[in-house]
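Observations on the three-dimensional arrangement
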Amino acid sequence: MSIDLTAMYASHDAFRRDLERLAKAAADGTAFTPQVHAGWDNFIHQLHIHHTAEDSDLWPRVQRKVEGRPKDIALLAEMEAEHARLDPQLAAVDAALKDRSAELPELVNVLATTLDGHLAHEEGSALPLIQEVLTPADWGAFTGRIRETQGMRGAAVFVPWIVDGIPPADRAAFLGALPPPVRVLNRLFWEAGYRRRGLWGS
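Everything quoted here is computed from the prediction, not taken from an experiment.

Per the secondary structure count, the protein includes seven helices and zero strands. In the protein, the succession of helices and strands from N to C terminus is α-α-α-α-α-α-α. Here the C-alpha atoms of the protein give a radius of gyration of 17 Å, agreeing with the 17 Å that 2.2 N^0.38 yields for 202 residues. When the 202 residues of the protein are sorted by exposure, 43% land in the buried category. For the protein, long-range pairs separated by at least 24 residues make up 79% of all intrachain contacts whose partners lie at least 6 apart in sequence.

Before going further, it helps to examine the environment of Leu-97. With respect to the secondary-structure elements, Leu-97 resides in helix α3 (residues 70-99). Spatially, the C-alpha atoms of Leu-97 and Met-79 are 27 Å apart, while their sequence positions differ by 18 residues. For Leu-97, the residues in contact, after removing those within four places along its chain, are Leu-22, Ala-31, Phe-32, His-37, Trp-40 and Leu-104.

Here we come to the nonpolar core. Ranked by size, the top nonpolar core spans 37 residues in total, and within it Leu-22, Trp-40, Phe-43 and Phe-174 carry the most contacts. Looking at this core, the elements that each hand over two or more residues are α1 (6-28), α2 (34-65), α3, α4 (104-133), α5 (136-162), α6 (168-176) and α7 (180-197). Apart from residues lying up to four places away in sequence, Phe-43 is in contact with Phe-15, Asp-18, Leu-19, Leu-90, Leu-115 and Trp-200. If you look at the next biggest cluster of nonpolar residues, it comprises 21 residues, including Ala-53, Trp-59, Val-62 and Ala-126.

This structure, assessed with the given rule, holds six aromatic pairs. Ring plane angle 70 degrees and centroid distance 6.4 Å describe the contact between Phe-158 and Phe-174, whose orientation is recorded as edge-to-face. Residue Phe-158 is found in helix α5, and its partner Phe-174 is found in helix α6; the two are separated by 16 residues along the sequence. According to the relative accessible area criterion, Phe-158 is buried, its value standing at 17%. Joined through ring pairs, the aromatic side chains of Phe-15, Trp-40, Phe-43, Phe-158, Trp-161 and Phe-174 make up one cluster.

Next up on the list: α4. Over its 30 residues, α4 runs 41 Å from end to end, which matches the ideal 44 Å to within 8%, given 1.5 Å per residue. Taking the largest bend as the criterion, α4 deviates by roughly 40 degrees, centred on Glu-123.

What follows is about unusual backbone geometry. Unusually for a residue other than glycine, Arg-100 sits at a positive phi of about 55 degrees. On the secondary structure map, Arg-100 appears in the loop between α3 and α4.

Tracing the sequence through the fold places Arg-17 in helix α1. Among residues more than four places away in sequence, those in contact with Arg-17 are Trp-161, Ile-162, Asp-164 and Ile-166.

Inspection of the entire model under this criterion finds 15 salt bridges. Among the ionic contacts, a cluster of salt bridges with common partners joins Asp-57, Arg-61, Lys-65, Asp-138 and Arg-145.

Turning our attention to a nonpolar patch on the surface. A cluster of nonpolar residues, Val-184, Leu-188 and Phe-189, forms a patch on the protein surface that exposes about 280 Å² of accessible area. Inspection of the secondary structure assignment puts Val-184 in helix α7. Its relative accessible area of 34% is what places Val-184 among the partly exposed residues.

This part covers the side chain of Arg-61. Tracing the backbone shows Arg-61 in helix α2. Within the local environment of Arg-61, its side chain forms a polar contact with the side chain of Asp-57, the two groups lying 3.2 Å apart. Setting aside chain neighbours within four positions, we find Arg-61 in contact with Leu-134, Asp-138 and Ala-141.

How each quantity is defined
- Residues numbered from 1 in each chain as written.
- Predicted model: local features only at pLDDT ≥ 70, side-chain atom pairs only at ≥ 80, totals over all residues.
- Heavy atoms only, no water.
- Helix = DSSP H or I, 4+ residues; strand = E, 2+ residues; numbered from the N terminus.
- Rg over C-alpha atoms; globule rule 2.2 N^0.38 Å.
- Buried < 20%, exposed > 50% of the residue type's maximum accessible area, 1.4 Å probe, protein only.
- Contact = heavy atoms within 4.5 Å.
- Core = buried A, V, L, I, M, F, W, Y, C linked by side-chain atoms within 4.5 Å.
- Phe/Tyr/Trp six-rings, centres within 6.5 Å; stacked < 30°, edge-to-face > 60°.
- Expected span 1.5 Å × (residues − 1).
- Bend = angle between axes of the 7 residues up to and from the residue.
- Salt bridge = Lys/Arg side-chain N within 4 Å of Asp/Glu carboxyl O.
- Patch = residues over 30% accessible without salt bridge, like charges linked within 9 Å, V, L, I, M, F, W, Y side chains within 5 Å.
- Areas by Shrake-Rupley, 256 points an atom, 1.4 Å probe, with all protein chains shown as cover.
- Polar contact = N/O pair within 3.5 Å; in protein donor to acceptor, adjacent residues only side chain to side chain.

Next comes the structure, spelled out in C-alpha cells:
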C-alpha cells in the first residue's frame, strides 16, 4: 500500500511560493511592510515545524528500515546536513528584514536557491525511499507528530496557508486528502481568518 505524499508536496510548494513572494517584495521595495514581515514569520514557523519533525521523527524512522544500506544512510545524513545549511541563511534574511538591509534581495535569492535544491533532492531521492521502506502506519505516526505540534490553532493557519493561491486542481487534491471535519472548518472559519491576517499583503 502506497503512502499519500500529497501534503508533503503541497508543503514544499508553499515554501517555494512564499520565497517567490518575498523575492518579489524585496525587488520592488515593499519587503519592509508589516504584511510581508507577517508572511515571513509564518514561513519561518511552518518551515521550522516541518524540518524539526523530519529530523526528530521521519529520518530516524527511515534509518531504522535501511540498516546495512550505506547509500540510503548517507542520503539521510545529507537531508539533515541540508537542513543545517539553511539555518544561517534563514537567520541572514531575518536580520536583513529587521535591519532594512539593501542586501535583502541577494540574501533571499541565495536562500531560495538553497531551499529549492534541498526540496528537489528530497523529492527526487528521499521521498521515493520513504515510499519503498515505510508503511502507511509509519507515515501516519510522522504526520501525527506534526499535527500534535501544530495543534488546532496551528492547523487553522496551516491548511489555508497551503491552499493560498494554488491552482484549483492542487487545492482539490490537498483538501481531498484531509478528514471531512477539517475541510468543513477550513471552509467555514479558517480561510476567512487567514485572509484577515493579510500575509504578504494579500
